[in-house]
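Letter by letter, the chains look like this.
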Amino acid sequence: DDPSLERHFKGHRDAVTSVDFSLNKKQLASGSMDSCLMIWSMRPQMRAYRFVGHKDAVMCVQFSPSGHLVVSGSRDKTVRLWVPSVKGESTVFKAHTGTVRSVHFSSDGQSLVTASDDKTIKVWTVHRQKFLFSLSQHINWVRCAKFSPDGRLIVSASDDKTVKLWDKTSRECIHSFCEHGGFVNHVDFHPSGTCIAAAGTDNTVKVWDVRMNRLLQHYQGNAVVNSLSFHPSGNYLVTASNDSTLKILDLLEGRLLYTLHGHQGPATCVAFSRTGDFFASGGSDEQVMVWKTNFDAADYGDVLKTQKSGTSVDGTQCTQQSEMECGVHLKKTKPQDPGRNHHHHQQQEEEAIANTLEHIVGQLDVLTQTVSILEQRLTLTEDKLKECLENQQKIIQNKVN
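Note that the structure is a prediction, hence the values are computed from the model and not measured.

Undergrad: Would you mind showing me how to read the overall build of the protein here?
TA: Helices and strands together make up the secondary structure of the protein, namely four helices and 28 strands. For the protein, the exposed surface amounts to about 19000 Å²; the carbon and sulfur share of it is 52%.

Right, here's the structure in full:
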């Protein structure tokens, strides 16, 4: 089945810059040049929330992994952390001296990475809301920065035409990819963490292996690519372009699968939901659209099967590394169905697998939240202990004096 338009949200008063789904798919966040952040409910007849606080265009938004927070970055040079409820309260992070183009939570929800026109990438702690450190080797605006799934690496894309890979612990740039012929608008990690994809004003999408620092795939379009998002299975990539189209790329076959027309004017942003059954797009036409994926019903089953079997991928894409290594999974070709029963049975199996996966994701989310709370308590205890020791030190010094 082809992807199909599911919902259509109107409410922004200027170009939409960013979209993101909450973990449970019940909410969708969007940012706009109208300085507002909007939270849309995926349930029909539920009202949308408009959050006001930024003094200028909102350039980027993202839900925290647990879905309890939303972060936004703005042309007003600030980052805001919102509680997506009726009150719409937010706290402000200030350290950048230029427009904040990109915000991204680490997968454990503990850290934030932000990218700015001040040419720096900054890392923050979420629960203490504290600035930690800057990465500053780009020589032009930084459009995008993301954590790797395991949180050890950061990837960034810049108007200096490079994509840089950073080690979060050593805070050093470990590689620069310089193959883009124009500004690099967007970059993201493959769900396996082994590859990255970047989109540029040279109308291309490039996929690199971050362990070999080698270009794996190159897609040439005919318009500036503004945004991209990996399907959670790792088998597909969706892109948003200035020619108003969304394109779905099949990473296994290395080819264009679908071109979708919905926006009038440039498509500015696109994102898959966390389970991959929907994706959302935003455009300079002020509209937010939600699409039903449709083409991925069998993927989770396939991914689970192929992960066990470990055959090698077509040499053109990954030169015979095992598929788990490469982080790109082979798709099994299904035998022709002699009868419909088999198809029905298969569908049930796929649904069961999808449900199990969703349950696991839910459980992981609860664990992440618990760990987060424990870490916060630990931090508080550490702070108290430090305070006690400092006070003790003072008392001793006073006695000595």
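Undergrad: Could you clarify how one ought to interpret the sheet that holds strand β26 (residues 267-272) in this entry?
TA: Note: strands within a sheet are paired through backbone hydrogen bonds, in either parallel or antiparallel orientation. An order of β1-β28-β27-β26 is seen for the four strands of this open sheet, with the pairing classed as antiparallel. Strand pairing shows two members of the sheet lacking a second neighbour, β1 (4-10) and β26, which therefore form its edges. Shown here is a sheet whose adjacent strand axes are inclined to one another by a mean of 20°, direction ignored. Across six bridges, β1 lies against strand β28 (residues 287-292) in antiparallel orientation. Bridge assignment links S4 to a residue of β28, and that residue is K292.

Undergrad: Before we go on, may I ask you to explain the pairing of strand β14 (residues 142-147) in this structure?
TA: Within a regular strand, the side chains alternate between the two sheet faces. Most of β14 sits inside the fold, with five of its six residues counted as buried. Pairing analysis gives five bridges linking β14 to strand β15 (residues 153-158), with the strands arranged antiparallel. In the sheet register, K146 faces β15, and the bridge partner there is V155. Between β14 and β15, which follow one another and run antiparallel, lie five residues, and G151 among them has a positive phi close to 75°.

Undergrad: What is the right way to look at unusual backbone geometry in this model?
TA: For residues besides glycine, phi is generally negative; the peptide bonds are generally trans as well. The phi dihedral of K25 falls on the positive side, at around 65°, and the residue is not glycine. By secondary structure assignment, the location of K25 is in the loop between β2 (16-21) and β3 (27-32). Look at K25 and you get buried, because its relative accessible area is 15%. Unlike most non-glycine residues, K119 shows phi in positive territory, near 75°. Take K119: its relative accessible area is 38%, and that puts it in the partly exposed class.

Undergrad: Quick question: what am I supposed to make of the UniProt feature "repeat: WD" (unreviewed entry) in the protein here?
TA: As recorded in UniProt, the sites labelled "repeat: WD" (unreviewed entry) are residues 9-50, 51-82, 93-134, 135-176, 177-218, 225-259 and 260-292. For the annotated span residues 51-82, helix accounts for 0% and strand for 53% of the residues, and the straight-line distance between the end C-alpha atoms is 9 Å.

Undergrad: Please clarify how the sheet that holds strand β7 (residues 70-74) should be interpreted in this entry.
TA: Pairing is antiparallel in the open sheet, where four strands are placed in the order β6-β7-β8-β9. Edge positions in the open sheet fall to β6 (58-63) and β9 (90-94), since each of these has one partner strand only. Strand after strand, the sheet turns through a mean of 20° between neighbouring axes, direction not considered. Inspection of the sheet shows β6 paired to β7 by five bridges, in the antiparallel sense. Paired with V58 across the two strands is S74, which belongs to β7.

Undergrad: Help me out: how do you make sense of the pattern of salt bridges in this one?
TA: As a working rule, side chains carrying opposite charge can pair if their charged atoms are close by. Under the counting rule described, the total for this entry stands at eleven salt bridges. The partner of D117 in a salt bridge is R101, and the shortest N-O contact between them spans 2.8 Å. On the criterion of sequence distance, the pair formed by D117 in the loop between β11 (111-116) and β12 (121-125) and R101 in strand β10 (residues 100-105) is long-range, its members being 16 residues apart. For R101, a relative accessible area of 17% corresponds to the buried category. One salt bridge in this structure joins D159 and R143, with 2.9 Å as the shortest N-O distance. Taken as a pair, D159 in the loop between β15 and β16 (163-167) and R143 in strand β14 lie far apart in primary sequence, 16 residues in all. A residue is classified by how much of its surface remains accessible, and D159, at 6% relative accessible area, is buried.

Undergrad: Any chance you could explain the packing of aromatic side chains here in plain terms?
TA: Scanning the entire structure with this criterion turns up eight aromatic pairs. Ring centres of F93 and W124 lie 5.1 Å apart, and the angle between their planes is 75°; on these two criteria the pair is classed as edge-to-face. You can see F93 sitting in strand β9 and its partner W124 sitting in strand β12, a full 31 residues away along the chain. F93 gets classed as buried once you look at its relative accessible area, which sits at 2%. Put simply, the rings of Y49, F51 and W82 touch in pairs and so form one group of aromatic residues.

Undergrad: What is the right way to read the environment of F9 from this model?
TA: Position of F9 among the secondary structure elements: in strand β1. Residues F9 and A48, 39 residues apart in the sequence, show an inter-C-alpha distance of 9.3 Å. With residues up to four places along the chain from it excluded, the contact list for F9 reads L28, W40, S41, M42, E286, Q287, V288 and V290.

Undergrad: Just checking my understanding: could you explain the environment of R50 for this structure?
TA: By the secondary structure assignment, R50 is in strand β5 (residues 49-51). If we ignore the near neighbours within four places in the chain, the residues touching R50 are G11, R13, D34, C36, L37 and M38. In terms of polar contacts, R50 uses its side chain to reach the backbone carbonyl oxygen of G11, at 2.9 Å.

Undergrad: Just to check I follow, could you spell out the side chain of T204 for this structure?
TA: Relative to the helices and strands, T204 is located in strand β20 (residues 204-209). At a separation of 2.7 Å, a polar atom in the side chain of T204 contacts the side chain of D202. T204 has contacts with H180, A198, A199, H218, Y219, Q220 and V225, leaving out every residue within four places of it along the chain.

Calculation criteria
Residues numbered from 1 in each chain as written. Predicted model: local features only at pLDDT ≥ 70, side-chain atom pairs only at ≥ 80, totals over all residues. Heavy atoms only, no water. Helix = DSSP H or I, 4+ residues; strand = E, 2+ residues; numbered from the N terminus. Areas by Shrake-Rupley, 256 points an atom, 1.4 Å probe, with all protein chains shown as cover. Pairing = 2+ DSSP bridges. Axes fitted to C-alpha atoms, helices over the stretch in contact; angles between N-to-C directions. Buried < 20%, exposed > 50% of the residue type's maximum accessible area, 1.4 Å probe, protein only. UniProt positions renumbered as here; feature names shortened; annotations may be inferred. Salt bridge = Lys/Arg side-chain N within 4 Å of Asp/Glu carboxyl O. Phe/Tyr/Trp six-rings, centres within 6.5 Å; stacked < 30°, edge-to-face > 60°. Contact = heavy atoms within 4.5 Å. Polar contact = N/O pair within 3.5 Å; in protein donor to acceptor, adjacent residues only side chain to side chain.

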